[in-house]
Amino acid sequence: METHADYPMDVIRKRRIDFSAPVRACVNCHQMSLPMHPNGKPSDPTSFASWYQSIGNRCLCGGLFT
């Protein structure tokens, strides 16, 4: 997934990342993602899905987020 410097995208959620949010980067492909919430986040309906809970710290490329 390509990123643009002015509009970084969350590689997991496929959404734009707000610059004020904490961001993790993959050590392999350097894509960015927002941290996961272990108990789910009420404002994010995908946070309760089983695939969301299973992702953990792995990027789509197989690398780890730091």
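Residues numbered from 1 in each chain as written. Predicted model: local features only at pLDDT ≥ 70, side-chain atom pairs only at ≥ 80, totals over all residues. Heavy atoms only, no water.

In the annotation of an unreviewed UniProt entry, the entry for the protein reads Mediator of RNA polymerase II transcription subunit 16, and the organism field reads Phycomyces blakesleeanus.

Focus: the overall build of the protein
Broken down by element type, the protein carries 1 helix and 4 strands. The helix and strand sequence of the protein, counted from the amino end, reads β-β-β-β-α. Put simply, the protein has 66 residues, and 30% of those count as buried. Across the protein, every contact between residues at least 6 apart in sequence was considered, and the portion connecting residues at least 24 apart equals 37%. For the protein, the computed accessible surface area is about 4,500 Å², with 56% contributed by carbon and sulfur atoms. (Helix = DSSP H or I, 4+ residues; strand = E, 2+ residues; numbered from the N terminus. Buried < 20%, exposed > 50% of the residue type's maximum accessible area, 1.4 Å probe, protein only. Contact = heavy atoms within 4.5 Å. Areas by Shrake-Rupley, 256 points an atom, 1.4 Å probe, with all protein chains shown as cover.)

What about the environment of Asn 57?
As for its placement among the helices and strands, Asn 57 is situated in the segment after helix H1 (50–55). Linking Asn 57 and Cys 26, residues 31 residues apart in sequence, is a C-alpha distance of 9.0 Å. When neighbours within four sequence positions are excluded, Asn 57 is seen to be in contact with Arg 24, Gly 63, Leu 64 and Phe 65.

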